[in-house]
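Structural features, examined
Read off the chains here:
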Amino acid sequence: MDSPVKEATPAPVSAPVSTGTSSPVSAPQAEAARSSAAATSHRLGPVALVVAGGLSVQFGSAVAVLLMPRAGALGVVTLRLVLAAAVLLIVCRPKVRGYGRGDWGTIVAFGTAMAGMNILFYQAADRIPLGAAVTLEVLGPLILSVVASRRLVNLLWAGLALGGVVLLGGGGFDRLEPLGAGFALAAGAMWAAYIVFSARTGRRFPQADGLALAMAFGAVLSLPLGIAEAGDKLLVPSTIGLGLAVALMSSVLPYTLELLALRRLPAPTFAILMSLEPAIAAAAGFLVLSQALSATDALAIALVIGASMGAVRTQSRRARQEG
């Protein structure tokens with residue numbers, strides 16, 4: 001309430017509560033208003049987690065680009081996953097007993113998706129521009145949103161986001177190295193798998209325990225590849241320091257935030273929100289690297305943001321109707 005209620009005379013439960021305005025508000029109406037405010041906060045919370053994770057990933061990618069000449073693409077992936085796994089295992093200290101075959105199957109699938117997504121993406125980023133790689137990669141989550149959704153309106157939001165992603169690519173995909181573009185598209189497929197198994201892991205394991213275990217499995221998968229490419233370069237202190245920064249910014253923080261978000265957002269809505277990644281990358285380039293945005297870039301970002309907002313509003317409206 002904006003103003004206190006006078007307590008000079010006890011009032012019956014059904015009496016209107018004074019708000020200092022000409023229109024009295026009943027107790028049920030006040031409770032409904034509070035419930036509506038709480039529901040709004042609940043809906044916006046996971047969206048904020050997704051955006052924060054996207055910002056962290058983009059700055060982490062910038063550090064990873066600096067690291068590639070030192071350790072190579074596979075070396076960067078190994079440092080990222082191994083150091084991220086170490087941090088999560090120390091912080092979470094997950095238990096390993098009491099889980100069934102289905103739980104461990106989810107961990108294996110989630111860890112494989114994480115390792116595959118990172119290995120393929122960095123192979124793409126080593127061959128084609130980062131913005132183009134992110135743009136092609138995000139097609140995976142967009143396709144997932146179309147396949148997984150059973151509502152026609154979500155097809156509209158996915159199509160709008162896809163249009164923005166294509167515009168942001170600048171129509172120059174035909175000039176990209178075919179192998180690099182193929183790696184980016186394959187990374188997008190693994191990203192879609194990551195979304196599915198991240199949601200399942202969040203439901204099966206408490207807090208971030210499942211993420212820690214899956215990250216450890218992904219690190220084990222990537223370790224032979226990183227050692228084969230970078231060898232003892234992975235042990236240089238300055239390289240380890242940069243690798244730790246990449247691990248924290250590109251894995252530990254965003255994956256934890258996304259895991260929490262997927263506990264409160266359906267996978268199709270989350271997948272459409274992932275289309276914000278190229279827009280965040282373009283905005284970061286403008287703010288941090290002084291890379292000018294063209295009118296087409298600005299329109300593309302507006303389309304992607306509009307699609308993401310539309311998807312969230314659609315899901316919120318559906319949640320209210322079902323509640």
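Here's the deal with the overall build of the protein
The secondary structure content of the protein amounts to 11 helices and zero strands. Tracing the protein from N to C terminus, the helices and strands come up as α-α-α-α-α-α-α-α-α-α-α. Within the protein, the proportion of its 323 residues that are buried is 46%. Look at the contacts in the protein between residues 6 or more apart in sequence, and 86% of them connect residues 24 or more apart.

Considering the packing of helix H2 (residues 101–125) against helix H7 (residues 209–230)
Remark: H2 packs on H7, axes separated minimally by 8 Å, with the N-to-C direction vectors making an angle of 50 degrees. One finds that H2 runs oblique with respect to H7. Crossing angle aside, the handedness with which H2 passes H7 is right-handed. Across the interface between the two elements, Trp-104, Ile-107, Val-108, Phe-110, Gly-111, Thr-112, Met-114, Ala-115 and Ile-119 of H2 pack against Gly-210, Leu-211, Leu-213, Ala-214, Met-215, Phe-217, Gly-218, Leu-221, Ser-222 and Leu-225 of H7. Along the lines of polarity and charge, the residues of the contact of H2 with H7 split into 14 nonpolar, five polar and no charged.

Focus: H2
When the terminal C-alpha atoms of H2 are compared, their 36 Å separation across 25 residues agrees well with the 36 Å that a helix rising 1.5 Å per residue should span. Most of H2 sits out of view: 18 of its 25 residues are buried.

Description of the pattern of salt bridges
Per the counting criterion, the structure on display carries two salt bridges. Here Arg-204 ties to Asp-103 by a salt bridge, and the two come within 2.7 Å at their closest N and O atoms. Residue Arg-204 is located in helix H6 (residues 178–204), and its partner Asp-103 is located in helix H2; the two are separated by 101 residues in the primary sequence. Taking the relative accessible area as the measure of exposure, Asp-103 reaches 14% and is therefore buried. Where Arg-127 meets Glu-177, a salt bridge forms, and the shortest distance between an N and an O atom there is 3.8 Å. In this pair, Arg-127 is assigned in the loop between H2 and helix H3 (130–137) and Glu-177 in the loop between helix H5 (152–168) and H6, connecting sequence segments 50 residues apart. Using a relative accessible area of 31% as the deciding quantity, one classes Arg-127 as partly exposed. Look at Glu-177 and you get partly exposed, because its relative accessible area is 34%.

Thoughts on the nonpolar core
Counting 78 residues, the largest nonpolar core has Met-114, Tyr-122, Tyr-194, Ile-195, Leu-211 and Met-215 as the members making the most contacts within it. Here this core gets 18 residues from one element, more than from any other, and that element is helix H1 (residues 27–92). Those residues in contact with Met-114, other than ones at most four positions away along the chain, are Tyr-194, Leu-211, Ala-214, Met-215 and Tyr-255.

Remarks on the confidence of the model for the protein
Confidence along the protein averages 76 in pLDDT terms, with 74% of residues attaining 70 or more. Scored below 50 in pLDDT, residues 1–25 shows 14 contacts in the model against residues more than four places distant or in partner chains. Low confidence marks residues 28–42, where pLDDT is under 50. Its contacts with residues over four positions away, or in another chain, come to five contacts.

Considering a nonpolar patch on the surface
On the surface, Ile-143, Val-146, Val-147, Leu-152 and Leu-155 cluster together into a nonpolar patch covering about 490 Å² of accessible area. Of all the secondary structure elements, the ones that give two or more residues to the nonpolar patch are helix H4 (139–148) and H5. With three residues, H4 is the single largest residue contributor to the nonpolar patch. One can find Val-146 in helix H4. The exposure class of Val-146 is partly exposed, given its relative accessible area of 34%.

Description of the packing of aromatic side chains
Scanning the model with the defined rule gives five aromatic pairs in all. Here the aromatic rings of Tyr-194 and Tyr-255 are separated by 5.2 Å at their centres, their planes lie at 45 degrees, and the arrangement is tilted. Placement of Tyr-194 in helix H6 and of Tyr-255 in helix H8 (residues 237–262) is noted, with a sequence separation of 61 residues between them. On the basis of relative accessibility, which here comes to 1%, the residue Tyr-194 falls in the buried class.

What to know about unusual backbone geometry
Backbone geometry at Arg-93 places phi at a positive 45 degrees, although glycine is not the residue there. Within the secondary structure layout, Arg-93 lies in the loop between H1 and H2. For Arg-93, a relative accessible area of 70% translates into the label exposed. Despite not being glycine, Gln-207 shows a phi value in the positive range, around 50 degrees.

What counts, and at which threshold
Residues numbered from 1 in each chain as written. Predicted model: local features only at pLDDT ≥ 70, side-chain atom pairs only at ≥ 80, totals over all residues. Heavy atoms only, no water. Helix = DSSP H or I, 4+ residues; strand = E, 2+ residues; numbered from the N terminus. Buried < 20%, exposed > 50% of the residue type's maximum accessible area, 1.4 Å probe, protein only. Contact = heavy atoms within 4.5 Å. Axes fitted to C-alpha atoms, helices over the stretch in contact; angles between N-to-C directions. Parallel < 35°, antiparallel > 145°, perpendicular 65-115°, else oblique. Left-handed = near helix turned anticlockwise from the far one by under 90°. Nonpolar A, V, L, I, M, F, W, Y, C, P; charged D, E, K, R; others polar. Expected span 1.5 Å × (residues − 1). Salt bridge = Lys/Arg side-chain N within 4 Å of Asp/Glu carboxyl O. Core = buried A, V, L, I, M, F, W, Y, C linked by side-chain atoms within 4.5 Å. pLDDT = per-residue confidence, 0-100. Patch = residues over 30% accessible without salt bridge, like charges linked within 9 Å, V, L, I, M, F, W, Y side chains within 5 Å. Areas by Shrake-Rupley, 256 points an atom, 1.4 Å probe, with all protein chains shown as cover. Phe/Tyr/Trp six-rings, centres within 6.5 Å; stacked < 30°, edge-to-face > 60°.

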